[in-house]
Amino acid sequence: MKSKYAILLGYVVAMCVAVYGQTAAKTGRLAEFDKNGEGAATKQPLGSGDRSLTIKVDNLERRYLVHVPPEYDGKKPVPVVVVFHGGGGTARDAMHETGWAPKADQEGFLAVFPEAMPPDPKRPSRFGTNGQVWNDGSGRFHAGQKSIPDVEFINAMIDDLLARFNVDRRCIYATGFSNGASMAFRVGVELSARIAATAPVAGALWLKQPKLDRPVSIYYITGDADPLNPFEGGTPKFATGAASRDMASQTKPPAREQVATWARLLGCQADPESAPASPGVTTLIYSGGRDDSEVRFTIIKDHGHVWPGGKNLLPEAWVGKASDTFKATDAIWEFFQKHAGIEAPASLPAATNRDQATSVGMPVLRIISGLIAGDQHDGVRSFKGIPFAAPPVGDLRWKPPQPVKPWDGTRACTAFSPRCPQPKSFITISAEPMNEDCLYLNVWTKAKSVDAKLPVMVWIHGGGYTTGSGSQPLYDGAALARQGVVVVTINYRLGPFGFLAHPLLSKESPHAASGNYGLLDQIAALVWVQENIAAFGGDP
């Protein structure tokens, strides 16, 4: 390998400018992107089916599943339903148990299934021995005792969804079962600026003094024979009468008391009305809340601790009997459709990030790879040196650009990156040093909200594919940004680093082609812009 690269580097030194310009013609085509994302210039738009995604929150790797319906094409904003699994369960369990994935296919929304944290993240999750549990506000289990930042995770997950998909921010909903229902209660309160409506099933509102930033309608569903969510309140127990130490550490409030608490939060009428009854099912409606909000409360007779109309994953001896008289998923979706919220904010930074941004006085926003902080001057925000691809060095030299590795914390983007290696030229006035680690771009915008939807101009510098950079003073985007345009300038590999075609490189390529790396860099930057520019107030 070393001898091969020694030959190639010697070849680079001997190459002339004429060869650079002829590379595309010699290869005959650009290297294709791998359809599965491996070897791709950047992450491709996610297609239909189940997608497993990962983000980092407070140095914890957090995962969630997204079920994308077949008709999703990214052109039309779609609703999101976040489904929280029960205590000890998984995202796959929730998907299998509730039927939200086929419902998403039928109705055309994104069904999202986040994963809670197990006690030992280094070991596989297992019900009973290393079960995943939500920090639902009760202080129970390892999640509550260790103060796992689950609300911050869901907040960051929503940011990630907004960056990856065309989401209707008026229609972000939450639901969940058991411990997941309690989490649906909690995010309905603590993320009420983003959640349009919530629908807990067989869980509890543990928060002592809940306050809503805006009205969030709620649909609470439970059975009157649920041993783990006792209808009249008390200690949760299995149907056998046994209870774990964690379960018995807190007594649940009565179901009616939780519903009445939420009705007061919304300003609903104190006395509910009865909806048309069906055998074994009673539904009460507290109407008249602010901004047409409401509380809906369904009680299922002789029903235990099972998702109504779903699949029971636990023994009847533990959870009690299930009634087949009511299908919760259908009823909840019908309820959600009536309760689109106002336009939710595009980002609610976690407290630590907000404090950091305030302390340094920088504008901070979230892109797919993480949080970035820039500068602000004369009404224009600038973000310089944002990586759009991994450093093309070592084994990535003379390879298609690879995706950026996400980072923790907030990345300072206040200075231009190095220029790509190039010869001296009277055209290039940029003062930045040269380095192979050069695949960065810069953004100028005056937008203060993602709702601005400003036009976007991407400037690809000239220089005969041998010189130039996105940081030249001539390309400063501030003046044009003041006119209402989001301006992006980019770097791309130049000269032999960007356009070397050689049989040895072609032999090791899965596409049997080499060269055009600089053009692939440009494509990668354009894809990055399409996926991230909305965060800067641009119209993708």
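Bear in mind the structure is a predicted one, so any value in this text is a computation, not a measurement.

**Focus on the packing of aromatic side chains**
Then, in step 1: Taken as a whole and judged by the stated rule, the model has 20 aromatic pairs.
Then, in step 2: For the ring pair phenylalanine 185 and tryptophan 262, a centre distance of 5.9 Å and an interplane angle of 50 degrees mean the geometry is tilted. Taken as a pair, phenylalanine 185 in helix H7 (residues 179-190) and tryptophan 262 in helix H9 (residues 255-266) lie far apart in primary sequence, 77 residues in all.
Then, in step 3: Classification of phenylalanine 185 as buried rests on a relative accessible area of 2%.
Then, in step 4: Geometrically, the ring pair formed by tyrosine 465 and phenylalanine 499 is stacked, given 4.6 Å between the ring centres and 20 degrees between the ring planes. Of this pair, tyrosine 465 sits in the loop between strand E17 (456-459) and helix H13 (478-482) while phenylalanine 499 sits in helix H14 (residues 495-499), and the two are 34 residues apart along the sequence.
Then, in step 5: Residue phenylalanine 499 is classed as buried on the basis of its relative accessible area, which comes to 2%.
Then, in step 6: Just above the ring of tryptophan 407 sits the side chain of arginine 411; from NZ or CZ to the centre is 5.1 Å.

**Points about the sheet that holds strand E18 (residues 486-490)**
Then, in step 1: Strands sit in the order E13-E14-E16-E18-E17 across an open sheet of 5 strands; the sheet is mixed. Unpaired on one side and paired on the other, strand E13 (375-377) and E17 mark the two borders of the sheet. Put simply, the sheet's adjacent strands are angled 20 degrees from each other on average, direction ignored.
Then, in step 2: For strand E14 (residues 380-387) and strand E16 (residues 440-445), the ladder comprises 5 bridges, and the chain directions are antiparallel. Considered in E16, the bridge of arginine 381 is made with threonine 445.

**Describing the pairing of strand E5 (residues 167-177)**
Within a regular strand, the side chains alternate between the two sheet faces.
Then, in step 1: Burial of E5 is extensive: 10 of the 11 residues sit out of reach of the surface.
Then, in step 2: Taken together, the 6 bridges between strand E3 (residues 78-84) and E5 define a ladder with parallel strand orientation. Residue pairing in the sheet places valine 83 in a bridge with threonine 175 of E5.
Then, in step 3: Judged from the 5 bridges that link them, E5 and strand E6 (residues 197-201) form a sheet pairing that is parallel. Paired with alanine 174 across the strands is threonine 198, a residue of E6.
Then, in step 4: The parallel pair E5 and E6 is bridged by H7, and the resulting crossover is right-handed.

**Observations concerning the pattern of salt bridges**
Then, in step 1: In total, this model carries 17 salt bridges according to the counting rule given.
Then, in step 2: For aspartate 150, the salt bridge goes to arginine 62, with nearest N and O atoms at 2.9 Å. Here arginine 62 lies in strand E2 (residues 60-68) and aspartate 150 lies in helix H6 (residues 150-164), a separation of 88 residues in the sequence.
Then, in step 3: Overall, arginine 62 belongs to the buried group, its relative accessible area being 1%.
Then, in step 4: The salt bridge partner of aspartate 159 is arginine 366, with a shortest N-O separation of 2.9 Å.

**Digging into the packing of helix H4 (residues 100-107) against helix H11 (residues 328-337)**
Then, in step 1: Axis separation between H4 and H11 bottoms out at 11 Å; the angle between their running directions is 45 degrees. Classified by the interaxial angle, the pair formed by H4 and H11 is oblique. In the crossing of H4 with H11, the sense of the turn from one axis to the other is right-handed. Residues Trp100, Lys103 and Glu107 of H4 form the contact with H11, whose own contacting residues are Thr329, Asp330, Ile332, Trp333, Phe336 and Gln337.
Then, in step 2: Each residue belonging to the contact of H4 with H11 can be placed in one class, and the counts come to 4 nonpolar, 2 polar and 3 charged.

**Digging into the nonpolar core**
Then, in step 1: Of all hydrophobic cores here, the largest spans 53 residues; its most connected members are Val66, Phe84, Ile154, Met157, Phe165, Trp262 and Val295.
Then, in step 2: Ranked by the residues each element gives to this core, the list is headed by H6, at 8 residues.
Then, in step 3: Counting residues in each nonpolar core, the second largest holds 32 residues, with Ala104, Phe177, Ala197 and Trp307 among its members.

**Structural notes on the sheet that holds E2**
Then, in step 1: Taking strand neighbours across the sheet as the criterion, the 10 strands line up as E1-E2-E4-E3-E5-E6-E7-E10-E9-E8 in an open arrangement whose pairing is mixed. Looking at which strands have only one partner, the edges of the open sheet turn out to be strand E1 (49-57) and strand E8 (273-274).
Then, in step 2: As defined by bridge partners, E1 adjoins E2 across 9 bridges and the pair is classed as antiparallel. Its bridge partner being in E2, valine 57 is matched across the sheet by leucine 60.
Then, in step 3: Along the sheet, H9 contacts E6, strand E7 (217-223), strand E9 (281-286) and strand E10 (295-300); its crossing angle with E10, the most-contacted strand, is approximately 170 degrees.

**Thoughts on the confidence of the model for the protein**
Then, in step 1: When pLDDT is averaged along the protein, the result is 83; 84% of the residues meet or exceed 70.
Then, in step 2: When the elements of the protein are averaged for pLDDT, helix H2 (residues 17-27) gives the smallest value, 31, and E6 the largest, 98.
Then, in step 3: Across residues 1-45 the pLDDT falls below 50, and counting only partners more than four positions away or on other chains, this stretch makes 68 contacts in the model.
Then, in step 4: Every residue in residues 348-361 is under pLDDT 50, and counting partners more than four places away or in other chains gives 15 contacts.

**A look at the packing of H6 against H7**
Then, in step 1: Packing of H6 against H7 brings their axes to within 11 Å, and their N-to-C directions diverge by 70 degrees. Relative to H7, the element H6 is oriented roughly perpendicular. As for how H6 packs across H7, the hand of that crossing is right-handed. Side by side, H6 and H7 meet where Asp150, Val151 and Ile154 of the first sit next to Met183, Arg186, Val187 and Glu190 of the second.
Then, in step 2: Residues of the contact of H6 with H7, tallied by class, amount to 4 nonpolar, no polar and 3 charged.

Reading the values: rules and limits
- Residues numbered from 1 in each chain as written.
- Predicted model: local features only at pLDDT ≥ 70, side-chain atom pairs only at ≥ 80, totals over all residues.
- Heavy atoms only, no water.
- Phe/Tyr/Trp six-rings, centres within 6.5 Å; stacked < 30°, edge-to-face > 60°.
- Helix = DSSP H or I, 4+ residues; strand = E, 2+ residues; numbered from the N terminus.
- Buried < 20%, exposed > 50% of the residue type's maximum accessible area, 1.4 Å probe, protein only.
- Lys NZ or Arg CZ within 6 Å of the ring centre and 35° of its normal.
- Pairing = 2+ DSSP bridges.
- Axes fitted to C-alpha atoms, helices over the stretch in contact; angles between N-to-C directions.
- Right-handed = clockwise from strand over helix to strand, strands pointing away.
- Salt bridge = Lys/Arg side-chain N within 4 Å of Asp/Glu carboxyl O.
- Parallel < 35°, antiparallel > 145°, perpendicular 65-115°, else oblique.
- Left-handed = near helix turned anticlockwise from the far one by under 90°.
- Contact = heavy atoms within 4.5 Å.
- Nonpolar A, V, L, I, M, F, W, Y, C, P; charged D, E, K, R; others polar.
- Core = buried A, V, L, I, M, F, W, Y, C linked by side-chain atoms within 4.5 Å.
- pLDDT = per-residue confidence, 0-100.

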